[in-house]
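Below, each chain spelled out in residue letters.
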Amino acid sequence: MIRFRFLDFPIFIHWFFWVNCALLGGALQANSPERMQALFGWLLVAAVSVLIHELGHALVMRHYGDRQVGIVLYAFGGMARGTRWLSRWEDVAVSLAGPLFQLGAGLAMHVLLSVWQPSWEVGYYVLLSFRDVSFFWALLN
């Protein structure tokens, strides 16, 4: 398990998150250096996108007074865990914050790609993947 802190939130990334993301990213077909680069880019994209989503939840939890929020990425996504009971409307705000943060990140990447496209093929793939993953996971959630 990878453990670190970001914005004073403890972050835990379970090994199974990496396995599932690798399988979703085409690990079984990664048989060339270019495909391996794309796979590692995909893993980074998935982790950052899901982390942004969970940070949305966690930041709103902190806004409502929860000072012990942790983030875990596992399986096909993640979870921001707090210790404070929330009112119905606080819970709605926390629930909406994750997808909205992730949609915002996807929209920012979409705008960036409309004005600039990297010449490195794998880099372009990674940025497109970030946009697509951010939109897909946010809407799925």
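Further up the page is the structure itself.
What you are looking at is a predicted structure, and each value in this text was computed from that prediction instead of being measured.

(A) View of the overall build of the protein. Within the protein, the regular secondary structure consists of four helices and four strands. Scanning the protein from its N terminus toward the C terminus, one meets helices and strands in the order β-β-α-α-β-β-α-α. Here the protein has a C-alpha radius of gyration of 16 Å; the compact-globule value for 141 residues is 14 Å, and the two agree. In terms of principal-axis extent, the alpha carbons of the protein reach across some 50 × 35 × 25 Å. Counting across all 141 residues of the protein, residues that qualify as buried make up 43%. Excluding contacts between residues fewer than 6 apart, the proportion of contacts in the protein whose partners are at least 24 apart in sequence is 59%. Within the structure as shown, the protein displays about 8500 Å² of accessible surface, and the carbon and sulfur contribution to it stands at 66%. Taking the average place of the 9 positive charges on the side chains of the protein and the average place of its 8 negative ones, the gap between the two points comes to 7 Å.

(B) Highlighting the packing of helix H2 (residues 33–63) against helix H3 (residues 88–115). One can describe the packing of H2 onto H3 by two numbers: an axis separation of 7 Å at closest approach and a directional angle of 140 degrees. Judged by the angle between their axes, H2 and H3 are oblique. Crossing angle aside, the handedness with which H2 passes H3 is right-handed. Contact with H2, carried on its side by Ser-49, Val-50, Ile-52, His-53, Gly-56, His-57, Leu-59, Val-60 and Met-61, involves Ala-93, Val-94, Ser-95, Ala-97, Gly-98, Pro-99, Phe-101, Gln-102 and Ala-105 of H3 and no other residues of that element. In the contact of H2 with H3, the residues fall into 11 nonpolar, seven polar and no charged.

(C) Representation of the packing of aromatic side chains in the model. Using the criterion set out here, one finds two aromatic pairs in the structure. Ring geometry for Trp-15 versus Phe-16: centroids 5.5 Å apart, planes at 75 degrees, classification edge-to-face. Its relative accessible area of 54% is what places Trp-15 among the exposed residues. The class of Phe-16 is partly exposed, set by a relative accessible area of 35%. Consider the rings of Phe-17 and Trp-18, whose centres lie 5.6 Å apart with planes at 75 degrees: the pair is edge-to-face. Its relative accessible area of 26% is what places Trp-18 among the partly exposed residues.

(D) Examining the nonpolar core more closely. Counting residues in hydrophobic clusters, the biggest one holds 34 residues, and the most contacted among them are Phe-9, Phe-17, Ile-71 and Leu-73. If you list the elements that add at least two residues to this core, you get strand E2 (9–13), helix H1 (15–24), H2, strand E3 (70–74), H3 and helix H4 (121–140). Of the residues forming this core, the biggest block, 12 residues, is contributed by H2. Excluding residues within four positions of it along the chain, Leu-73 makes contact with Phe-12, Ile-13, His-14, Phe-17, Ala-47, Val-50, Leu-51, Glu-54 and Gly-78.

(E) Fine view of the sheet that holds E2. Strand order in the open sheet made by the four strands is E1-E2-E3-E4, with mixed pairing throughout. In the strand order of this sheet, the two ends are held by strand E1 (2–6) and strand E4 (77–81), each with one partner. Between one strand axis and the next, the sheet turns through 20 degrees on average, direction left out of account. Note: E3 against E4, five bridges, orientation antiparallel.

(F) Geometry of H1. All of the buried residues along H1 are Phe-17, Asn-20, Cys-21 and Ala-22. For H1, the elements touching its buried residues are E2, H2, E3 and E4. Positive backbone phi, at 90 degrees, marks Gly-26, one or two positions downstream of H1.

(G) Geometry of the side chain of Ser-129. You can see Ser-129 is positioned in helix H4. Ser-129 gets classed as buried once you look at its relative accessible area, which sits at 8%. When sequence neighbours within four positions are dropped, the list of residues in contact with Ser-129 reads Trp-42 and Val-45.

Definitions and limits used
- Residues numbered from 1 in each chain as written.
- Predicted model: local features only at pLDDT ≥ 70, side-chain atom pairs only at ≥ 80, totals over all residues.
- Heavy atoms only, no water.
- Helix = DSSP H or I, 4+ residues; strand = E, 2+ residues; numbered from the N terminus.
- Rg over C-alpha atoms; globule rule 2.2 N^0.38 Å.
- Buried < 20%, exposed > 50% of the residue type's maximum accessible area, 1.4 Å probe, protein only.
- Contact = heavy atoms within 4.5 Å.
- Areas by Shrake-Rupley, 256 points an atom, 1.4 Å probe, with all protein chains shown as cover.
- Lys, Arg positive; Asp, Glu negative; His and termini not counted.
- Charge placed at Lys NZ, Arg CZ, Asp CG, Glu CD.
- Axes fitted to C-alpha atoms, helices over the stretch in contact; angles between N-to-C directions.
- Parallel < 35°, antiparallel > 145°, perpendicular 65-115°, else oblique.
- Left-handed = near helix turned anticlockwise from the far one by under 90°.
- Nonpolar A, V, L, I, M, F, W, Y, C, P; charged D, E, K, R; others polar.
- Phe/Tyr/Trp six-rings, centres within 6.5 Å; stacked < 30°, edge-to-face > 60°.
- Core = buried A, V, L, I, M, F, W, Y, C linked by side-chain atoms within 4.5 Å.
- Pairing = 2+ DSSP bridges.

Everything listed here is a matter of geometry and, on its own, says nothing about what the molecule does.
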